[in-house]
Amino acid sequence: MRSSQTFHPPTRLLLGPGPSNADDRVLRAMSAPVVGYFDPVMLEIMADIQRLLQLVFGTAHKAFPISGTGTSGMEAALANLLEPGEPVAIGVNGFFGDRMRQVAERAGARPVVMEAEWGRPIEAEQVEDAFKREAGLQVVALVHAETSTGVLQPLEEIHEIVRSHDAFLLLDAVTSLGGHPVEVDRHGVDLCYSGTQKALSAPPGLAPIAVSPRTAARIRARRHPVQSFYLDLALFEQYWGTAKFYHHTPPVSFYYALLEALRIVEEEGLQARFDRHRQNQAALVAGLEAMGLQMHVAPAHRLWTLTTVRIPEAANDAAVRRRLLTEFGIEIGGGLGALLGKVWRIGLMGKNACPANVLLFLTALERVLQAEGVPCGSGTRAADHIYRKAGSPA
Ligand SMILES: *Cc1c(COP(=O)(O)O)cnc(C)c1O
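Below, the structure is looked at part by part. In this text, all values refer to a predicted model and were calculated from it rather than measured experimentally.

Across its 18 residues, helix α2 (residues 40-57) extends 26 Å between first and last C-alpha, which sits within 8% of the 26 Å expected from 1.5 Å per residue. Regarding α2, the residues found buried are Met42, Ile45, Met46, Ile49, Leu52, Leu53, Gln54, Val56 and Phe57. Tucked inside the fold, the buried residues of α2 contact β2 (62-67), β9 (191-193), β10 (206-211), α8 (233-239), α9 (252-268) and α10 (270-290). Two or three places before Val41, at the start of α2, stands the capping residue Asp39, its side-chain oxygen 2.8 Å from that residue's backbone nitrogen. At the exit of α2 stands Gly58, carrying a positive phi of roughly 65°.

In this section: the sheet that holds strand β8 (residues 168-172). The pairing of strands in a sheet comes from backbone hydrogen bonds and takes either a parallel or an antiparallel form. An order of β2-β10-β9-β8-β5-β3-β4 is seen for the seven strands of this open sheet, with the pairing classed as mixed. The open sheet has two edge strands with one neighbour each: β2 and β4 (110-115). Across the sheet, the axes of successive neighbouring strands diverge by a mean angle of 20°, strand direction being ignored. In the sheet, β9 pairs with β10 via three bridges, with the strands oriented antiparallel. Each residue of the ladder has a partner; that of Cys192, found in β10, is Ala210.

Around the ligand, the surrounding shell consists of Thr69, Gly70, Thr71, Phe96, Val143, Ala145, Thr147, Asp172, Val174, Thr175, Gln197 and Lys198. Within the side chain of Thr71, a nitrogen or oxygen atom sits 2.6 Å from an oxygen atom of the ligand. Within the complex, the protein chains bury 90% of what would otherwise be the 380 Å² of accessible surface of the ligand. Of the residues contributing to the shell around the ligand, the split by class is four nonpolar, six polar and two charged.

A sheet is described by the order of its strands in space; here three strands give the open sequence β11-β14-β13, paired in antiparallel fashion. If you trace the sheet from one side to the other, it starts and ends with β11 (306-310) and β13 (333-334), each paired once. Sheet topology places β11 next to strand β14 (residues 343-347); five bridges connect them, and they run antiparallel. Across the sheet, Thr308 pairs through a bridge with Arg345, a residue of β14.

The rules behind the values
Residues numbered from 1 in each chain as written. Predicted model: local features only at pLDDT ≥ 70, side-chain atom pairs only at ≥ 80, totals over all residues. Heavy atoms only, no water. Helix = DSSP H or I, 4+ residues; strand = E, 2+ residues; numbered from the N terminus. Expected span 1.5 Å × (residues − 1). Buried < 20%, exposed > 50% of the residue type's maximum accessible area, 1.4 Å probe, protein only. Contact = heavy atoms within 4.5 Å. Polar contact = N/O pair within 3.5 Å; in protein donor to acceptor, adjacent residues only side chain to side chain. Pairing = 2+ DSSP bridges. Axes fitted to C-alpha atoms, helices over the stretch in contact; angles between N-to-C directions. Near = heavy atom within 4 Å. Areas by Shrake-Rupley, 256 points an atom, 1.4 Å probe, with all protein chains shown as cover. Nonpolar A, V, L, I, M, F, W, Y, C, P; charged D, E, K, R; others polar.

Here it is as structure tokens:
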């Protein structure tokens, strides 16, 4: 019965930790006819993607998408950069830092964990300590935007330390790319990966990655071949850039999607895009605080793309999220790991970071909390105040 019907998933407002809503232009681009992987048009598409990825990553060097979601970027980064038995310092202050640790372990490397509370960044001293603990340490891996906690990792001091030890800095920018400045060259990031379905407003399916020249040289000089054939960056590059050698079939429709998403970023301008994310997050936070809710992360370390707010004592976590979804079509995230049942995660990523969504969400949350018998104030006026102050009324 179902097979004869048109497939019709609902349109949700995705204000969780990702995926976020894809731009309509991106969805249309994806429906274009597929071309072959040696088609001259593919070369043009790949050149455009590379140029625009360099722009968003802030790099003059290699940037291309790995075929797979953000986690494939994580696997590729760790598997290519690390040799079996090698130590790697990993910042674990949330779910994705811990995932990095697991991936590094499976790649045969030896994680040296730098831990922080879920809601705090990794401190520069911890990185310095890791070098003292491990004489042969050459790789430091950090999560720029920890989507499980809402923390932005400062890099200024840390990249100086990594550089002073002539080591490599590996960065997870899945939730920052396209929403926060990710300055690969300026921060000496040697390998940086991201995903398409967060602040780039494309569907999940690709992991853009930026590779510094010294990383490329290190990969070429590996003693052991990369264990994964599919994620071997050297093999991947044989196709990428020349479209002359078959490695695996590139997900052509996703290349279309990424290209269109990146064009939208370029049209808006990076600085305008960052300002928009910052301003809408400020409005969201002002609204939530006016309602009487508490932020989980200190102001200095908050992400613009993802806000963690403490669940009020009287509220039923699952019931509130269910009502938001069924009554308003809004998805938000619950807590993960150490924050399970303690926070809600509200994403304002890519095109979703706009006054209409912030005001709708605050109204919806207020109504749901009141319907659930949880006392709370109203947040829209405080949010609107932020917009008026910035001269951009909703
Ligand atoms: C979402 C996310 C990932 C994983 O990406 P997938 O697309 O789910 O594979 C990795 N790191 C961070 C920080 C993320 O937010």
